[in-house]
Amino acid sequence: FQGHNLQELRRSASLATKVFIQRDYSEGTMCQFQTKFPPELDSRIERQLFEETVKNLNNYYVEAEKIGGSSYLEGCLACATAYFIFLCMETHYEKVLKKISKYIQEQNEKIYAPRGLLITDPVERGMRVIEISIYEDRCSSGSSSSGSSSTTSSGGGGGVANRGR
Amino acid sequence: MSVMMVRKKVMRKWEKLPGKNSFCCDGRIMMARQKGIFYLTLILILGTCSLFFAFECRYLAAHLSPAIPVFAVVLFLFALATLLRTSFSDPGVIPRALPDEAAFIEMEIEAANGNVPQGQRPPPRIKNVQINNQIVKLKYCYTCKIFRPPRASHCSICDNCVERFDHHCPWVGNCVGKRNYRYFYLFILSLSLLTIYIFTFNIVYISLNSVKVGFLNTLKETPGTVLEVFICFFTLWSVVGLTGFHTFLVSMNQTTNEDIKGSWTGKNRIQNPYSHGNFVKNCCEVLCGPVQPSVLDRRGIVQDQNGLAPLENSTPPPGAVTTSPLISRELPKEPVTPQDVRPEALEMSTSAPKKSEGSRGKEK
């Protein structure tokens, strides 16, 4: 698969299929994702890189939901101001979510787009899944998309990812 | 093709969200559809407090201390702020699965179930997860097309899955879930204190004034007192009781929903895997822990099919397709099980009306 940057990817590649990394609830209701390597990505990306990405994301979420001195302080301060303080201040969680967005964008640019993959920020999927879109290079003739074709998304034609219907 | 700048009003995602919520202020405020009882709550709080400030406070400030009305105002504003915050914010709604995701999960389920012989009902869709050495079952939600996270439940009144679902409260006109539970708790706590405060000082006022001018004359001077005492008396029993109950729940890190279903009690049941075992730790986590921002993105702008913002298109396509989680409402609903019906039926039917107030709502 030729190297593509994100823009080119959307224009010249067509969406072949999507993989959804589910939540890992073994530690409780904390936001964590499974690090199990999906078979569909087998031929597209090294296992090591994928696991690295998910582990880093999990660490970010742990940081966001950390219960400790500073989170209590924030909670108590907010309570004392009857939560009006949130009109001008960003919560710790929101700050970490911004960091996560940046990280995902960076990962997409450096690692995933060159391999024809695209990670969607879990925040856009209600924190339920990490959606990884697998693109098929339109120019390459008849190259098989990796993994099970039964999850091919509807349509999939036309150089832009139609994530909707 | 020239670009005609069709100045169409920007459509925001809240307009396309499924579920039975109602939105105000262009998506900033989110509530349930039935708001009647919420207005009653506001009227009662506002009415009773106005009477208190108008009548008794003048006497008490003059004869006892000016600190009394000041403290009442602080309590009143705090109760109001927490009420509005509870009512207007997103309780922790889980957006529905997009078609791709739903199909992926269906495929996984079918793979797990194997071949079901003709005529037999397929096994219930349940996933087992181990949390803290306990096995917790995750149920599949047919409406939202997801496996519900632990402690989440589907509210049939609002038609949404809500994280850490506690109950649907008609008095605040919204579900109580992960994101607004602490505001709800602080609301009933401050309302209890406010009720006790007003009740006490009404009694004090009546006693003091009766000594001078007699009981009946006191009531004639300030007829509102009778109404206040009446409302406070009934509110006391219900709200204080409710506060006590929720204090118990908070200390055990349980939800009303779990308590009603008896998830963690009884023989052969697993113990609550979410409790830290420590009263203080549980309280701190529930009341002072970090709050996840809303994942609903109510005020995001709806993009049309081509993924471009509406103004870039010359003519907006009819019925713009959104990228927000959308499942057609015609899809069959999940079979309602008794367990799902009960929490919603428990509409906190504690009798006494409450005091309420109606000032400007806040965001979120």
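Residues numbered from 1 in each chain as written. Chains lettered and ligands numbered in written order. Predicted model: local features only at pLDDT ≥ 70, side-chain atom pairs only at ≥ 80, totals over all residues. Heavy atoms only, no water.

Draft legend 1. Up close: the overall build of chain A. Of regular secondary structure, chain A possesses four helices and three strands. Tracing chain A from N to C terminus, the helices and strands come up as α-β-α-α-α-β-β. When the accessible surface of chain A is split by element, carbon and sulfur atoms take 52% of a total near 7,900 Å². (Helix = DSSP H or I, 4+ residues; strand = E, 2+ residues; numbered from the N terminus. Areas by Shrake-Rupley, 256 points an atom, 1.4 Å probe, with all protein chains shown as cover.)

Draft legend 2. The sheet that holds strand β3 (residues 93-94) of chain B, seen in detail. All names here are of chain B. Taking strand neighbours across the sheet as the criterion, the three strands line up as β3-β8-β7 in an open arrangement whose pairing is antiparallel. Edge positions in the sheet fall to β3 and β7 (153-155), since each has one partner strand and no second. Across two bridges, the pairing between β3 and strand β8 (residues 160-162) is antiparallel. Along β8, the bridge assignment pairs valine 93 with valine 162. (Pairing = 2+ DSSP bridges.)

Draft legend 3. Representation of the packing of aromatic side chains in the model. If you walk through the whole model with that rule in mind, you get 20 aromatic pairs over all chains. A centroid spacing of 4.5 Å and a plane angle of 80° characterise the contact between tyrosine 83 of chain A and tyrosine 183 of chain B, whose relative ring orientation is edge-to-face. Remark: tyrosine 183 of chain B occurs in helix α4 (residues 181-213) and tyrosine 83 of chain A occurs in the loop between α3 (69-80) and α4 (92-112); the pair is interchain, linking two chains. Stacked on the ring of tyrosine 140 of chain B, the Lys or Arg arginine 125 of chain B has its end atom at 4.7 Å from the ring centre. (Phe/Tyr/Trp six-rings, centres within 6.5 Å; stacked < 30°, edge-to-face > 60°. Lys NZ or Arg CZ within 6 Å of the ring centre and 35° of its normal.)

Draft legend 4. Fine view of the confidence of the model for chain A. For chain A, the mean per-residue pLDDT works out to 80, and 76% of the residues sit at or above 70. This model gives residues 141-165 of chain A a pLDDT under 50, and the stretch forms 45 contacts once residues within four places in sequence are excluded. (pLDDT = per-residue confidence, 0-100. Contact = heavy atoms within 4.5 Å.)

Draft legend 5. Expanded view of the packing of α4 of chain B against helix α8 (residues 279-288) of chain B. All names here are of chain B. Remark: α4 packs on α8, axes separated minimally by 8 Å, with the N-to-C direction vectors making an angle of 105°. Taken together, the axes of α4 and α8 are roughly perpendicular relative to one another. Each of Tyr181, Arg182 and Tyr185 in α4 lies in contact with α8, whose residues at this interface are Val286, Leu287 and Cys288. Within the contact of α4 with α8, the residues separate by chemical class into five nonpolar, no polar and one charged. (Axes fitted to C-alpha atoms, helices over the stretch in contact; angles between N-to-C directions. Parallel < 35°, antiparallel > 145°, perpendicular 65-115°, else oblique. Nonpolar A, V, L, I, M, F, W, Y, C, P; charged D, E, K, R; others polar.)

Draft legend 6. How the structure looks around the interface of chain A and chain B. Facing the 40 residues of chain A at the interface are 42 residues of chain B. Buried surface at the junction of chain A and chain B, summed over both partners, amounts to about 3,500 Å²; 66% is from carbon and sulfur atoms. There are two salt bridges connecting chain A and chain B. Between arginine 128 of chain A and glutamate 101 of chain B there is a salt bridge, with the nearest N and O atoms lying 2.8 Å from each other. Joining chain A to chain B, the criterion identifies five residue pairs in polar contact (both at pLDDT 80 or more). At the level of elements, β1 (13-22), α3 and α4 of chain A are the ones that each hand at least two residues to the side of chain A that touches chain B. It is α3 of chain A that contributes the most residues to the side of chain A that touches chain B, five residues altogether. Across the side of chain A that touches chain B, the residue classes tally to 19 nonpolar, eleven polar and ten charged. (Buried area = accessible area lost by both parts, 1.4 Å probe. Salt bridge = Lys/Arg side-chain N within 4 Å of Asp/Glu carboxyl O. Polar contact = N/O pair within 3.5 Å; in protein donor to acceptor, adjacent residues only side chain to side chain.)

Draft legend 7. Molecular detail of unusual backbone geometry. Residues and elements named next belong to chain B. The backbone of lysine 145 sits at a positive phi, close to 60°, despite the residue not being glycine. Within the fold, lysine 145 resides in the loop between β5 (134-141) and β6 (146-147). Among the residues examined, lysine 145 registers a relative accessible area of 18% and is labelled buried. For aspartate 159, which is not a glycine, the phi torsion comes out positive at approximately 60°. Considering the arrangement of structural elements, one finds aspartate 159 in the loop between β7 and β8. We classify aspartate 159 as buried; its relative accessible area is 8%. (Buried < 20%, exposed > 50% of the residue type's maximum accessible area, 1.4 Å probe, protein only.)

Draft legend 8. Region of the structure containing the side chain of threonine 255 of chain B. Residue and element names in this part refer to chain B. In this structure, threonine 255 sits in the loop between α6 (224-252) and α7 (256-261). A distance of 3.1 Å separates a polar side-chain atom of threonine 255 from the backbone nitrogen of glutamate 258. When near neighbours in sequence (up to four residues on either side) are disregarded, threonine 255 contacts Arg151, Arg164, Phe165, Asp166 and Leu249.

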